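# Structural characterization, general
Each chain, letter by letter, is given below.
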Amino acid sequence: MIIIGELINASRKEIGTAIEAQDVNTVQQVAKDQSDAGANYIDVNAGIFVGKEPQYLEWLVQTVQEVTDTPCAIDSPDPIAVEAALKVHKGTAMINSISLEKERYDNLMPVLAGTDLKVIALCMSDGGMPETVDDRLKIADKLVNGLVQNKVKVENIFVDPLVQPMSVNNDFGMEFVVAVEQIMERFEGIHTACGLSNISYGLPARKFMNRTFMSMAICRGLDGAIVNPLDKGMMASIIAAEALAGRDDYCVNYLKGYRAGMLA
Ligand code: THG
């Protein structure tokens, strides 16, 4: 499972405050904690700061990279902010994300074309949010074909079918996981990834919904996740679900996790 640590997000109070105060220590501690907990990418998001997002995103990348070699996932819908952050990023970043929204697509594609960057392809278009498997597959098809035509390797693409709240529509959970399954079948070598917490929006005890949904998505082939790597319950669910899905030969990783105290 490719873990993208979600905690450096300006919508979280601790981080929003730290960004405004240019508080290096807080950001670096959260970065280190997440890489120590096993994050493969550190998501950086300064989305609440309209006008200052490029400047702040650039600062986040530099600040994070002073203390860890774990690459960043540059999380912004704004191509100008993405480019500013990418310019200072060392190593191979992940772009979070391109979508089928015209402005975003047209401006980000040249940045990605022919590179070895990782990219999240978010199933969203100017037509709005996808609801059904078919909505998601149609957008995924166009995004993946467009990226491949622009010489982005299929192995570098993470399709995010877009999690929608269960509280809004009874079908949103299954439409998402079936989309994961079909995307993984349709494009050999591709990855899928998503943010989980939207599934439980508006419900109590969100942790249970989030963890169980994670297991269901892993069962259908999900192999990337934007999560809190410090959430031990979530990480334990991921390790167990991967073993149960047959993606952990001889349960080696599960046993290793147990010995490391991750399954307590
Ligand atoms: N897809 C893609 N990118 C995304 C999302 C997605 N980026 C943003 C978001 N969704 C994922 N990131 C977050 C970041 C923080 C939180 C939720 C999603 C959050 N954190 C808890 C808090 O601050 O209270 C802490 C987490 C915890 O303790 O469990 O709310 O869908 N491509």
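Just so you know, these numbers come straight off a predicted model, no measurement behind them. Each residue is numbered by its place in its chain's sequence as written, counting from 1. With pLDDT at 70 or above as the cut-off, local features in this predicted model cover only qualifying residues; side-chain atom pairs require 80 or more to be listed or tallied, and sums for whole chains, interfaces and linings still use all residues. Neither water nor hydrogens contribute to the side-chain values; these are computed over all heavy atoms in the structure.

### A few points about the site of the ligand
As a structural note, the neighbourhood of the ligand is formed by E6, N9, R12, D75, N96, I120, D160, G195, S197, I226 and N228. Between N or O atoms, a polar contact is any pair within 3.5 Å; within protein, one atom must be a potential hydrogen donor and the other a potential acceptor, and residues adjacent in sequence are included only when both atoms are from side chains. D75 is positioned such that a nitrogen or oxygen atom in its side chain is 2.8 Å from a nitrogen atom of the ligand. The contact in question runs from a nitrogen atom of the ligand to an N or O atom on the side chain of D160, over 2.7 Å. Taking 670 Å² as the accessible area of the ligand by itself, protein coverage stands at 64%. Lining residues are those with an atom within 4 Å of a point, where the points come from a 1 Å grid over the protein atoms alone and group into cavities, where a 1.4 Å probe fits but cannot get out, or pockets, open sets with protein on both sides within 12 Å along at least five of seven lines. Each molecule is checked against the cavity or pocket grid, and it sits inside if more than half of its atoms lie within 2 Å of the grid points. Applying the majority rule of atoms within 2 Å of the grid points places the ligand in the largest pocket. Think of it as three bins: nonpolar holds Ala, Val, Leu, Ile, Met, Phe, Trp, Tyr, Cys and Pro, charged holds Asp, Glu, Lys and Arg, and polar takes everything else, Gly as well. In terms of residue class, the shell around the ligand is made up of 2 nonpolar, 5 polar and 4 charged. One heavy atom suffices: a residue is near a molecule or strand as soon as one of its heavy atoms comes within 4 Å of it. Residue-level accessible areas treat just the shown protein chains as cover; the underlying method is Shrake-Rupley with a 1.4 Å probe.

### Notes on the nonpolar core
Counting 74 residues, the largest nonpolar core has I8, I74 and I98 as its most contacted members. In this text, helices come from DSSP runs of H or I with a minimum length of four residues, and strands from runs of E with a minimum of two, each type numbered from the N-terminal end. With 7 residues, the top contributor of residues to this core is helix α6 (residues 133–149). Here I8 is in contact with I15, V27, V30, A31, Q34, I42, D43, V44, N45, L60 and V64, once residues within four sequence places are set aside. For this analysis, a nonpolar core means a set of buried residues of the types Ala, Val, Leu, Ile, Met, Phe, Trp, Tyr and Cys, connected via side-chain atoms within 4.5 Å. Between buried and exposed lies partly exposed: a residue is buried under 20% and exposed over 50% of the maximum accessible area for its type, with that area taken using a 1.4 Å probe on protein chains only. When checking whether two residues touch, look at their non-hydrogen atoms; a contact exists if any pair is within 4.5 Å.

### Focus on the pairing of strand β5 (residues 118–122)
Here β5 lies mainly inside the structure; 5 of its 5 residues are buried. In β5, alternate side chains face the same way, and those of K118, I120 and L122 on one face and V119 and A121 on the other are all buried. When DSSP finds at least two bridges between two strands, those strands are taken to pair. Of the pairings in the sheet, the one linking strand β4 (residues 94–99) to β5 comprises 5 bridges and is parallel in character. Following the sheet pairing, S99 is matched in β5 by L122. Every crossover in which the path from the first strand over the helix to the second runs clockwise, viewed with the strands pointing away from the viewer, is termed right-handed. With respect to chirality, the unit in which β4 leads through helix α5 (residues 102–112) into the neighbouring parallel β5 is right-handed. Both β5 and strand β6 (residues 157–160) contribute to a ladder of 4 bridges, which runs parallel.

### Examining the pairing of β4
Summarising burial for β4: 6 of the 6 residues are buried, a large majority. Bridge analysis of strand β3 (residues 72–75) against β4 gives 3 bridges, and the strand direction is parallel. From the neighbouring strand, A73 faces β4, where its bridge partner is M94.

### Brief notes about the packing of helix α2 (residues 24–36) against helix α3 (residues 53–65)
Note on geometry: axes are lines fitted to C-alpha atoms, helical ones only across the stretch in contact, with angles between N-to-C directions running from 0 to 180 degrees. The N-to-C vectors of α2 and α3 enclose an angle of 65 degrees; their axes lie 9 Å apart at closest approach. Where α2 crosses over α3, the handedness of that crossing is right-handed. Within the contact between the two elements, α2 uses V24, V27, Q28 and A31 and α3 uses W59, L60, T63 and V64. Its residues assigned to classes, the contact of α2 with α3 comprises 6 nonpolar, 2 polar and no charged. Each crossing gets its hand from how the near helix is turned against the far one by less than a right angle, where anticlockwise is left-handed and clockwise is right-handed.

### Re the sheet that holds β3
Read across the open sheet, the 8 strands follow the order β7-β6-β5-β4-β3-β2-β1-β8; overall the sheet is parallel. Two strands in the sheet have a free side with no partner beyond their single neighbour: β7 (191–192) and β8 (224–227).

### Here's the deal with the side chain of S76
Mapping S76 onto the fold places it in the loop between β3 and α4 (79–88). A residue is classified by how much of its surface remains accessible, and S76, at 1% relative accessible area, is buried. Separated by 2.9 Å, the side chain of S76 and the backbone nitrogen of D78 make a polar contact. Apart from residues lying up to four places away in sequence, S76 is in contact with E53, L57, A81, V82, N96, S97 and R104.

### Focus: the packing of α4 against α5
Where α4 meets α5, the axes come as close as 9 Å, and the angle between the chain directions of the two elements is 20 degrees. In terms of orientation, α4 lies roughly parallel with respect to α5. Every pair of crossing elements has a handedness; the one defined by α4 and α5 is right-handed. Residue-level inspection shows P79, V82, E83 and L86 of α4 in contact with α5, the latter providing E103, R104, N107, L108 and V111. For the contact of α4 with α5, the residue count by class is 5 nonpolar, 1 polar and 3 charged. For classification purposes, an angle smaller than 35 degrees is called roughly parallel, one larger than 145 roughly antiparallel, one from 65 to 115 roughly perpendicular, and anything else oblique.

### Some remarks on the packing of aromatic side chains
Pairing of aromatic rings covers Phe, Tyr and Trp, the last counted by its six-membered ring, and requires centre-to-centre distances within 6.5 Å; plane angles under 30 degrees mean stacked, over 60 mean edge-to-face, and any other angle means tilted. The full count for this structure, using the stated rule, is 2 aromatic pairs. Note on F176 and F213: the rings are 5.5 Å apart at their centroids and 50 degrees apart in plane angle, and the pair reads as tilted. Of the two residues, F176 sits in helix α7 (residues 172–186) while F213 sits in helix α8 (residues 206–219), which places them 37 residues apart along the sequence. For the pair F176 and F213, one class covers both residues: buried.

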